[in-house]
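# Chain and residue survey
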Amino acid sequence: MTVDTNGFLHHDLLAHITQEEAVLSFSLDGPAPEVNDPIRGEGVFATCTGNLKKAVALGFTTSVIYTVSRLNLTHLRRMPTLLAELGVRRFFIQVIGLRGKSAGKAGDPLQLTPEEWLTEVPPVAAEAARLGLEVIFPKVFLEAGEPFECAGKVAENFFIFPNGRVYRCPLCEDFPIHALRIENNRLLANDGLTEERFFSLSIPEGCVMNKLLQPGNLRYHADGSPSYRISCCLLKQRLEPAG
Ligand code: SF4
């Protein structure tokens, strides 16, 4: 069980979970208050790291999620040392703008270029693994020859919303094209133009929803062919802790 603490540890929560059954997850978007707090809120760094230390001292396995954008990209490299010192076991690196509310904001100034992502993120992930953390981070940019697979076709993921909408692809969640719905406690398939129609489209840019919703992160050669393909946003890489 993973409990997303949002940085807070409440006595009632701790009374209901044990160290054996729960991983406590915290979100930090910077290695210091000057970086984290303008993004996550005043005082959040101190609260979050204080509760993290408490959770580690109580014997809980902890994980930290860092959402990378232009605002904090260059500070990511300071995270492995901080997390190792805090006793964090898992490090999730996310990229802003590849799902959800960012959809449609092509050219978003927060989004990273492929060069920024590839220069900064994989080395930091490797360093965190070297320091003993398990690291999970999205693939994002496929290398030449790497296979592309759409999770909508090859996996069974369901993203369920309180309004009864059920999506197969998280990129679609701001649009009423959900493939399924929950009605009277039953999971029903929707007719018409739903996200599933898009999954089988084969395009040279890789993920078709990325091309439709976030074309700002694509680039093309002079002959019109894409410079790279975007992987499925659900494809993650995992590095095991060294040693
Ligand atoms: S993110 Fe792209 S590749 Fe992944 S499920 Fe959605 S449409 Fe398919």
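One structure accompanies this document, and this report is about it. (Residues numbered from 1 in each chain as written. Predicted model: local features only at pLDDT ≥ 70, side-chain atom pairs only at ≥ 80, totals over all residues. Heavy atoms only, no water.)

## Examining unusual backbone geometry
A positive phi angle is found at valine 140, which is not glycine, with a value near 65°. By the secondary structure assignment, valine 140 is in the loop between strand E5 (134–138) and strand E6 (141–142). In this structure valine 140 comes out as buried when scored by relative accessible area, which is 5%. (Helix = DSSP H or I, 4+ residues; strand = E, 2+ residues; numbered from the N terminus. Buried < 20%, exposed > 50% of the residue type's maximum accessible area, 1.4 Å probe, protein only.)

## Concerning the site of the ligand
Looking at the ligand, the residues that line it are Phe148, Cys150, Ala151, Gly152, Cys169, Leu171, Phe199, Cys207, Met209, Cys232 and Cys233. In a pocket analysis with a 2 Å cut-off to the grid points, the ligand is assigned to the largest cavity. Taken together, the residues of the shell around the ligand break down into ten nonpolar, one polar and no charged. (Near = heavy atom within 4 Å. 1 Å grid on protein atoms, 1.4 Å probe; cavity = no way out; pocket = protein on both sides within 12 Å on 5 of 7 lines; lining within 4 Å. Sits in = over half its atoms within 2 Å of the grid points. Nonpolar A, V, L, I, M, F, W, Y, C, P; charged D, E, K, R; others polar.)

## Some words on helix H3 (residues 44–57)
The end-to-end C-alpha distance of H3 is 20 Å, a good match for the 20 Å that 14 residues give at a rise of 1.5 Å each. Looking at the buried positions of H3, the neighbouring elements they touch are strand E2 (23–27), helix H2 (33–40), strand E3 (61–68) and helix H4 (79–86). Among the residues trailing H3, glycine 59 stands out with phi positive, at a value near 95°. (Expected span 1.5 Å × (residues − 1). Contact = heavy atoms within 4.5 Å.)

## As for the sheet that holds strand E7 (residues 159–160)
Ordered by their spatial adjacency, four strands build an open sheet running E7-E8-E9-E10, and the pairing between neighbours is antiparallel. The open sheet has two free edges, formed respectively by E7 and strand E10 (186–189), since each of these has just one partner strand. Sheet topology places strand E8 (residues 165–167) next to strand E9 (residues 180–183); two bridges connect them, and they run antiparallel. Following the sheet pairing, valine 166 is matched in E9 by leucine 180. (Pairing = 2+ DSSP bridges.)

## A short note on the environment of leucine 201
With respect to the secondary-structure elements, leucine 201 resides in the loop between helix H7 (195–199) and helix H8 (208–213). When the C-alpha atoms of leucine 201 and alanine 179 are compared, they prove to be 16 Å apart, with 22 residues separating the residues in sequence.

## A closer look at the side chain of glutamate 134
Its location among the elements puts glutamate 134 in strand E5. Those residues in contact with glutamate 134 that lie beyond four places of it in its chain are Arg89, Arg90, Phe91, Arg238, Leu239 and Pro241.

## Notes on the pairing of strand E4 (residues 90–95)
Covered by surrounding structure in E4 are Phe91, Ile93 and Val95 only, the residues Arg90, Phe92 and Gln94 on the alternate face being uncovered. Bridging between E3 and E4 involves six bridges; their strand directions are parallel. Looking across to E4, one finds that valine 68 is bridged to valine 95. Regarding the hand of the β-α-β motif, the stretch spanning E3, H4 and E4 is right-handed. Note: E4 against E5, three bridges, orientation parallel. What sits directly across from arginine 90, in E5, is glutamate 134. (Right-handed = clockwise from strand over helix to strand, strands pointing away.)

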